[in-house]
Each structure stands twice: as C-alpha cells, then as structure tokens.
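One letter stands for each residue in the lines below.
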There are 2 protein chains.
Amino acid sequence: MENKVYVVGMGPGDAGLMCQRADETLKECDVIIGYTVYVDLLRDRYPGKEFLTTPMTQEAKRCRMAFEEARKGKAVGMVCSGDAGVYGMSGLILEIGEEYPEISVEVIPGITAALSGGAVLGAPLTHDFAVISLCDRLTPWETIESRLYHAASGDFSICIYNPASKGRPDHLKKACQILQRVLPGDRLCGMVENIGRDGEKTRLCTLKELENAEVNMFTTVFIGNSATKEMGGRMVTPRGYKI
Amino acid sequence: MENKVYVVGMGPGDAGLMCQRADETLKECDVIIGYTVYVDLLRDRYPGKEFLTTPMTQEAKRCRMAFEEARKGKAVGMVCSGDAGVYGMSGLILEIGEEYPEISVEVIPGITAALSGGAVLGAPLTHDFAVISLCDRLTPWETIESRLYHAASGDFSICIYNPASKGRPDHLKKACQILQRVLPGDRLCGMVENIGRDGEKTRLCTLKELENAEVNMFTTVFIGNSATKEMGGRMVTPRGYKI
C-alpha cells in the first residue's frame, strides 16, 4: 500500500464487529498506532506489525507520530475504538494533516457504541437520536448541559458516551438531573458495559434510577424518547409503523 | 444455525463496509428477507439462499414473513441498509416478535450512513451530533421541525437522513429554513450521495446553498456545528484538542 495515514474505526473490540475494509487495511499496514488500551486488543490479530502507542491526553503527539511514520514511506493505521469519526481521531488527523500536505489521509468507518450497544439492548435508536459525551476535558460543562437540555426538549432518544471517569464520578448524576427538568423520572433508560467484550453487562432502569447507577468509562447509556418501551426485557423505540 | 430471526445491518452497500459477523450470519441463514432494492445488492454475494422481498410500506408484512419462515425451522436474516437499528427494522421486529414468543431475535449492527458518509466527507461528526430523518410518513412534520430547531439550538452537528423523495421534494428546503432561524446562512454543510456504491458523489456548501441543493433518497446531508470548517476540501468538526 501507499505511504498514507488510514484512520480506522475498529468497532467495539470484538473482531466480528469490525468491518471488512478495516480488517483488510490493518493487515496491509506497516505500523498500527493508537491509544494503549485499544492497540493491546489488536496485537495478536495482526502479527508482525510495528505497534506504537501513546497514553490518553497525548492525542496530538499520536497524530504527528502517524504522519512521521508515513513520511518514512510506511502505510500507517491509526486505530480508534468504535468509529474513526465519532469522538475518534479523524478530525485531529485531518487538522494536523495540514502540516503534512504530501501525506494523504483515508478514513474507514467503524461501528460506534451507539450502534453496537443499541443492538445489545434491542432497538433504542430506531428513530431520531442525539449522541452526547459527558467528558468535559475538551468541552465546557455548560455546553454539555445545553446539549442535554435541547436533546431532551426535542424528544430525541439520547445516547451518552463517557458517562463517568475517575476524575468526574458524578457527571451522570448531574446529567440525569438536567434531563429531568424536561423528562419524567420514569423515562426508560438502558446501559451496556463492555460491549462485545468479556464482561458484557446490560441493565434497564428509569431515568430516576439512572442517577445513582454505577457506571464507568466502558459504559454506554441510552435514554429513551417519549415512545420507548420495554418489550421482553429489551429497550425498543418504535418508529411508528402500524402493526 | 437455530431457527431464529437475525436483524442484520448490511452497511451502505459495499461488501467491505459490512461487519464480519453480519457477513457470517447471512452466509449461515436459510432465507434472506428485505426491501427489494437492498436484497438485490446481496443476491450475488450469497448464492443458494432463498430471497424474499416486500416493497416499501409493507414493513409489518415483511416482519411477519420473517417470523413465519423461522417458525418453519429456518434461520432468517432480515437485512437493513446501514444499521439494523437506525431507521432500521430491529424495532418493528421486536414489536411484532411479541406475537411469536417462541422465536428468538438477535440484532447485528451495521455502519449507518452518518458514519460511512462522514468518513467520505472527512470528519463532520467528531463531536456531539443529532440524527434526524425528514421522512414524514411515520412522524408528524411538527415533530421533525421541533427536532431540527432543538438540534440547532444545542449546537449539535446534524446528520439528515431521507432529505427528499418523490412525494416530498421540498423537505430539505423547509428544513434549511427552520435551521436558519438559529444558524447562520454560511454554516458549513456537506452532502454524500450513493455512499460506497457506484456513482458516489460529495459536495460541500453553505446552509443557504443547501436550501436549493438537488438531493434524492440516496443522499445523506451533514450540517456542521459552530466549530466545523473546511480543510483541504474536507468537512472537519474539531473536538477541541490543542494542536
């Protein structure tokens, strides 16, 4: 393959949920670069590759590393969990790519947690939905609050990424309180942890119960819209078809 | 495989953008059921299968067909373009599945147009986003208007599905006018037609220009958030990393 940077969405972790083009691309790459935790999931699947990692908060450095490797004539796969775009590295790669105009960039999509987690829970996102991250490392909390408020006001189903981390254990509680300015406390919600990986767990609960739910950085949270209901233990948002 | 209904997201059409579990599942199914246009894309890829189709507006009938085939002891793949959930059949299958409690249902996600189209355009959805369909066959137009308004008010990037069809050629124009109650006319927008298929086309333009853009049922439209910019011909929504 050409010396090029491929931004590759690897899906939730399970090889079966990676798209075939992503798999073929990583097989052809000389170097695979990513956040330590995700790259460790790939070492056995792509033997003989060079692996480079940087910890979280080193994203710009990781992108420059990718372009520097491509400059040496290598095909470089920059891997992202889920999709390459959704809270992924494709944006930063294209921004930093302005410094490396001779290196081309290709983005290969992947199954983001809204879709893989939705499939595990049933069908929470079959109608209009919003995706919101509660991580305030790069986004002012006021912006996150405003998005929660507007998503609830528009009767969107909502998928929440990064509901908690060590430094911000109470973000989900705060988010649920904002949502309850608009939504009833008995609104159906769902959670999935470790989607498609060992230790996969799901739970359905009300928005009120969600306030005190235990979540971590591997949990994806779903808030139903006004039509969402539980059917046989699954979370289902009808699209409105006449049955 | 068991007699079971598998709701399978087939991605945008290109085999390389289907996830491996979806491909393996369809290979094992006895019957593949779907909307005529999508099933025709699969006939050559899965030789020897029984294919059943119903036209659009026959979705409930299509779901009952799937359960009736499973009742005969077959493994049935109900295919959806993009994801199984996002405007897909997983919700209706789970609803109608209440009539067939002895048949189990498994949902296999796929790459929806927000992700595959986003990858073609660059990185429009790297931050919080909303997905809205302009199809008012099952949703009151007032609900769609309210969602457009709230998504714009929350400064979400917006991905629009079903921007037009023969019966509603002016929906995108009306949507752009609603968005401009909140957003400036020069907001960056993008369009992708026939994602991952023959005749793939992209265009970047302003929200004002989008009002009069030619779109069809195979076009996916992206509206940037306040930070979205054009970089080297691509649509990029920065997540906020310091470069």
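Structure shown above.
So, here's what we can say about the structure. Note that the structure is a prediction, hence the values are computed from the model and not measured. (Residues numbered from 1 in each chain as written. Chains lettered and ligands numbered in written order. Predicted model: local features only at pLDDT ≥ 70, side-chain atom pairs only at ≥ 80, totals over all residues. Heavy atoms only, no water.)

### Concerning the sheet that holds strand β11 (residues 219–223) of chain A
Argument step 1. With mixed pairing, the ten strands of this open sheet are ordered in space as β10(A)-β9(A)-β11(A)-β8(A)-β7(A)-β7(B)-β8(B)-β11(B)-β9(B)-β10(B). Because the sheet does not close on itself, it has two edges, and the strands there are β10 (201–206) of chain A together with β10 (201–206) of chain B. Recorded for the sheet is a direction-independent mean angle of 15° between the axes of neighbouring strands.
Argument step 2. As paired elements, strand β9 (residues 188–193) of chain B and β10(B) share six bridges and run antiparallel to each other. (Pairing = 2+ DSSP bridges. Helix = DSSP H or I, 4+ residues; strand = E, 2+ residues; numbered from the N terminus. Axes fitted to C-alpha atoms, helices over the stretch in contact; angles between N-to-C directions.)

### Here's the deal with the pattern of salt bridges
Argument step 1. Enumeration according to the criterion identifies 32 salt bridges over all chains in this entry.
Argument step 2. One salt bridge connects A:Arg71 with A:Glu68, and the closest N-O pair in it is separated by 3.9 Å. Here A:Glu68 and A:Arg71 lie together in helix α3 (residues 59–71), a separation of three residues that amounts to about one turn.
Argument step 3. Looking at A:Glu68, the relative accessible area reads 34%, which means it is partly exposed.
Argument step 4. Here B:Glu69 makes a salt bridge to B:Lys72, at a shortest N to O gap of 2.8 Å.
Argument step 5. Since its relative accessible area comes to 7%, B:Glu69 is described here as buried.
Argument step 6. For B:Lys72, a relative accessible area of 57% translates into the label exposed.
Argument step 7. Through salt bridges with shared partners, a single network forms among A:Glu50, A:Glu69, A:Lys72 and A:Lys74. (Salt bridge = Lys/Arg side-chain N within 4 Å of Asp/Glu carboxyl O. Buried < 20%, exposed > 50% of the residue type's maximum accessible area, 1.4 Å probe, protein only.)

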